[in-house]
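What follows is each chain in one-letter form.
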Amino acid sequence: MAQPTPRIIKETQNLAKDKVQGIDVTPDPQNFKHFFVIISGPPNTPYEGGVFDVELLLPDDYPMSPPKCVFNTKIYHPNIDNLGRICLDVLKDKWSPALQIRSILLSIQVLLSSPNPDDPLNNEAANLWKANEGQALMKAREYTQKYAKKH
């Protein structure tokens, strides 16, 4: 099996040493390119109080290509679809090898605080967000209560 690159080793060490508030990262002991992430719902959002399981997988050519991130916890959000895929510019066309795992996780946390219904992956949620934000926030809270409570 291939060995982790010095960059992956350093990023993994930095994630363990310098933790991000509201984000817990656990490397898969069997696969150095696979990370289990727990994101706490940000305060003052419909996701507050929720605990969201996310997986992050580094591609073989990391850092030349962005990580793949998927929500395993069901969430109602215009930029996250029913399969947990995330629509986030830094995971696509705005990716740069200068970015790190930490910056991706922070971007996902910010996305929970600031949904962007103008660049949706979940069209139904985006349409509701645009038509009736209060109702969309209520539905997001309901999903959080139902699917993202601590185990």
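About the criteria used
- Residues numbered from 1 in each chain as written.
- Predicted model: local features only at pLDDT ≥ 70, side-chain atom pairs only at ≥ 80, totals over all residues.
- Heavy atoms only, no water.
- Core = buried A, V, L, I, M, F, W, Y, C linked by side-chain atoms within 4.5 Å.
- Buried < 20%, exposed > 50% of the residue type's maximum accessible area, 1.4 Å probe, protein only.
- Helix = DSSP H or I, 4+ residues; strand = E, 2+ residues; numbered from the N terminus.
- Contact = heavy atoms within 4.5 Å.
- Phe/Tyr/Trp six-rings, centres within 6.5 Å; stacked < 30°, edge-to-face > 60°.
- Expected span 1.5 Å × (residues − 1).
- Arc of directions from axis to C-beta.
- Pairing = 2+ DSSP bridges.
- 1 Å grid on protein atoms, 1.4 Å probe; cavity = no way out; pocket = protein on both sides within 12 Å on 5 of 7 lines; lining within 4 Å.
- Points joined across faces, edges and corners; volume = space filled by probe spheres on them.
- Nonpolar A, V, L, I, M, F, W, Y, C, P; charged D, E, K, R; others polar.
- Axes fitted to C-alpha atoms, helices over the stretch in contact; angles between N-to-C directions.
- Parallel < 35°, antiparallel > 145°, perpendicular 65-115°, else oblique.
- UniProt positions renumbered as here; feature names shortened; annotations may be inferred.

The subject of this paragraph is the nonpolar core. Formed by 38 residues in total, the largest nonpolar core has its most connected members in V37, L56, F71 and I86. Among the elements of the structure, α1 (6-17), β1 (23-28), β2 (31-40), β3 (51-57), β4 (68-71), α2 (101-113), α3 (123-131) and α4 (133-147) are those that each provide at least two residues to this core. Counting residues per element, this core draws most heavily on α2, which supplies six residues. What F71 contacts, discounting residues up to four positions off in sequence, is F52, D53, V54, I80, L83, G84, I86, I108 and L112.

Scanning the entire structure with this criterion turns up six aromatic pairs. For the pair Y62 and W95, a centre-to-centre distance of 6.0 Å together with 40° between the ring planes defines the contact as tilted. Here Y62 is found in the loop between β3 and β4, whereas its partner W95 is found in the loop between β4 and α2, with 33 residues between them in sequence. We note that Y62, like W95, is buried. For the ring pair Y76 and W129, a centre distance of 6.3 Å and an interplane angle of 25° mean the geometry is stacked.

Okay, α1 next. The terminal C-alpha atoms of α1 lie 16 Å apart, and with 12 residues this matches the ideal 16 Å at 1.5 Å per residue to within 8%. Among the residues of α1, I8, E11 and L15 are the ones counted as buried. The buried residues of α1 occupy an angular sector of 65° when projected down its axis, which confines them to one face. Every exposed residue of α1 that faces more than 90 degrees away from the buried side is listed here: P6, K10, Q13 and K17. Those residues of α1 that are buried are in contact with β1, β2 and α2.

This paragraph deals with the pairing of β3. Looking at chain direction, β2 and β3 are connected through seven bridges and run antiparallel. Looking at β3, one finds that H34 is bridged to L57.

Bringing the layout of surface pockets into the picture now. Left-over empty space is what a probe sized like a water molecule reveals as it rolls over the atoms. Of the voids in this model, the largest pocket is the one considered here, and its volume is about 170 Å³. Lining the largest pocket are P67, K68, C69, V70, R85, I86, C87, L91, K92 and L121. Of the residues assigned to the lining of the largest pocket, the class counts are seven nonpolar, no polar and three charged.

This part takes up the packing of α1 against α2. The contact between α1 and α2 brings their axes to 9 Å, and the two run at 50°. By the criterion of interaxial angle, the relationship of α1 to α2 is oblique. Facing α1, whose interface residues are E11, N14 and L15, α2 presents I101, R102 and L105. Grouping the amino acids of the contact of α1 with α2 by side-chain chemistry returns three nonpolar, one polar and two charged.

We now examine the side chain of T45. Tracing the backbone through its elements, the reader meets T45 in the loop between β2 and β3. Contact partners of T45, with chain neighbours within four places excluded, come to L112 and S113.

Moving on, we come to the UniProt feature "active site" (unreviewed entry) in the protein chain. Following the UniProt record, the feature "active site" (unreviewed entry) maps to C87 here. Owing to a relative accessible area of 7%, C87 belongs among the buried residues under this scheme.

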